[in-house]
Amino acid sequence: MFTIDQYIKAESLEQAYSLNQKKTATILGGCGWLKMGNRSIRTAIDLSGLGLDKIEETETEFKLGCMVTLRQIETNDGINNYFGDSVRECLRHIVGVQFRNCVTIGGSIWGRFGFSDPLTLFLALDADVKLYHAGIVKLSDFVKMPYDRDILTHVILPKKKQKTYYITHRATETDFPVIACAVSKLPEDFTDNGFRVAVGARPQRASIVLDADGILNDGITEESAKKFADYVADSLNFSSNIRGSADFRHHLTRVLVRRALLAMNQEG
Ligand SMILES: Cc1cc2nc3c(=O)[nH]c(=O)nc-3n(C[C@H](O)[C@H](O)[C@H](O)COP(=O)(O)OP(=O)(O)OC[C@H]3O[C@@H](n4cnc5c(N)ncnc54)[C@H](O)[C@@H]3O)c2cc1C
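Residues numbered from 1 in each chain as written. Predicted model: local features only at pLDDT ≥ 70, side-chain atom pairs only at ≥ 80, totals over all residues. Heavy atoms only, no water.

(A) Region of the structure containing the site of the ligand. Near the ligand, the surroundings consist of 34 residues, among which Ile27, Gly32, Thr104, Ser108 and Asp117 are the closest. Asp117 is positioned such that a nitrogen or oxygen atom in its side chain is 2.7 Å from a nitrogen atom of the ligand. Protein contact buries 92% of the 970 Å² of open area that the ligand shows by itself. No other element matches the four residues that helix H6 (residues 105-111) contributes to the shell around the ligand. When the residues that make up the shell around the ligand are grouped by side-chain class, the tally is 20 nonpolar, nine polar and five charged. (Near = heavy atom within 4 Å. Polar contact = N/O pair within 3.5 Å; in protein donor to acceptor, adjacent residues only side chain to side chain. Areas by Shrake-Rupley, 256 points an atom, 1.4 Å probe, with all protein chains shown as cover. Helix = DSSP H or I, 4+ residues; strand = E, 2+ residues; numbered from the N terminus. Nonpolar A, V, L, I, M, F, W, Y, C, P; charged D, E, K, R; others polar.)

(B) Representation of the sheet that holds strand S1 (residues 3-9) within the structure. Spatial ordering of the open sheet is given by S1-S3-S2, a layout of three strands whose pairing is parallel. In the strand order of this sheet, the two ends are held by S1 and strand S2 (25-28), each with one partner. With direction set aside, neighbouring strand axes in the sheet form an average angle of 30 degrees. Note that S2 and strand S3 (residues 40-46) share four bridges and pair parallel. Along S3, the bridge assignment pairs Ala25 with Thr43. Strands in contact with helix H1 (residues 13-20) are S1, S2 and S3; relative to S2, the strand with the most contacts, it is inclined by about 140 degrees. (Pairing = 2+ DSSP bridges. Axes fitted to C-alpha atoms, helices over the stretch in contact; angles between N-to-C directions. Contact = heavy atoms within 4.5 Å.)

(C) Helix H10 (residues 246-267), seen in detail. Under the 1.5 Å per step criterion, the end-to-end length of H10 is 31 Å for 22 residues, consistent within 8% with the ideal 32 Å. For H10, the complete set of buried residues consists of Ala246, Arg249, Leu252, Thr253, Val255, Leu256, Val257, Ala260, Leu261, Ala263 and Met264. Looking at the packing, one finds that the buried side of H10 touches strand S9 (163-169), strand S10 (179-185), strand S11 (195-200) and helix H9 (222-235). (Expected span 1.5 Å × (residues − 1). Buried < 20%, exposed > 50% of the residue type's maximum accessible area, 1.4 Å probe, protein only.)

(D) Summary view of the sheet that holds strand S7 (residues 135-138). The strand order across the open sheet built from five strands is S4-S5-S8-S6-S7, with neighbouring strands paired in antiparallel fashion. Only two strands of the sheet have a single partner each, and these edge strands are strand S4 (55-57) and S7. Looking at each pair of strands side by side, their axes are set apart by 25 degrees on average, direction ignored. Bridge analysis of strand S6 (residues 128-131) against strand S8 (residues 152-158) gives four bridges, and the strand direction is antiparallel. Bridged to Asp128 within S8 is Ile156.

(E) Representation of the environment of Ser224 within the structure. Position of Ser224 among the secondary structure elements: in helix H9. Discounting residues that sit within four places of it in the chain, Ser224 has contacts with Ile215, Leu216 and Gly219. Only 2.9 Å separates the side chain of Ser224 from the backbone oxygen of Gly219, close enough to count as a polar contact.

(F) Spotlight on the state of the cysteines. Under the definition given, this model contains zero disulfides. For Cys102, which is in no disulfide, the shortest distance to another cysteine sulfur is to Cys31 and amounts to 9.5 Å. (Disulfide = S-S within 2.5 Å.)

Quick look at the structure:
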């Protein structure tokens, strides 16, 4: 359990950012992860009074404030109508409803946890993050950035008519994933053929693989799905931990990416 010397409920993002420049300060999300550690926090900065707990839908995007809980996202009709089952599927295994009612999307994406389900899916959806100081950054860039003293204010899910499918393997329900795969097909205005796969819990942070060789150029069939899944697995590095070996994760990636592509294709 962490300890806090001074608790401040921020009155503006400017104040929160300025307070957070001290190394001894910590931004509070839902505290689900923080409470697992034993940090000694000099100044705890609470963002809950800044109206950042809203999901805004426009013509072009869903804008999730950093204090939006995982459960708010999981049960949001607009998001579920637009992205089908993928977002709900990505969140529903995380611990339990009470937990998802507390933990935030800001803490989840800021943490850039290797095991993160939303980080994996949102990479495949070509999401952006909005940082108070650095502005809008592609999630695919943010995931490689070192931790700094900025504040993540929003996660932006663009409406690009993505088709998507999310699948994980877990040793037991509600445990961290052994491997997490998100496949998506973005529309044609991309430089590639629009297919992308994000694989997380390798156990390293999720990475994206594009169809650089055009394996799926003629569409998804049993054969092309298998070939692309093998290509994805061979393009990534995997490691071993208590949840599974590197070889097992490589094998699971081949199986799950193939299944996800076929399922996404079937859903139309
Ligand atoms: C037991 C357990 C099991 C879990 N299982 C899974 C799982 O299976 N899949 C999965 O994807 N996730 C899992 N998680 C992670 C969980 O879903 C959340 O991602 C995690 O708790 C962080 O969210 P939070 O709101 O609790 O953040 P906090 O614990 O409050 O904060 C986490 C970190 O982010 C910083 N931070 C928070 N918000 C911001 C912000 N807006 N700007 C800058 N920095 C910020 C904090 O200072 C802290 O360093 C699990 C967590 C626990 C504790």
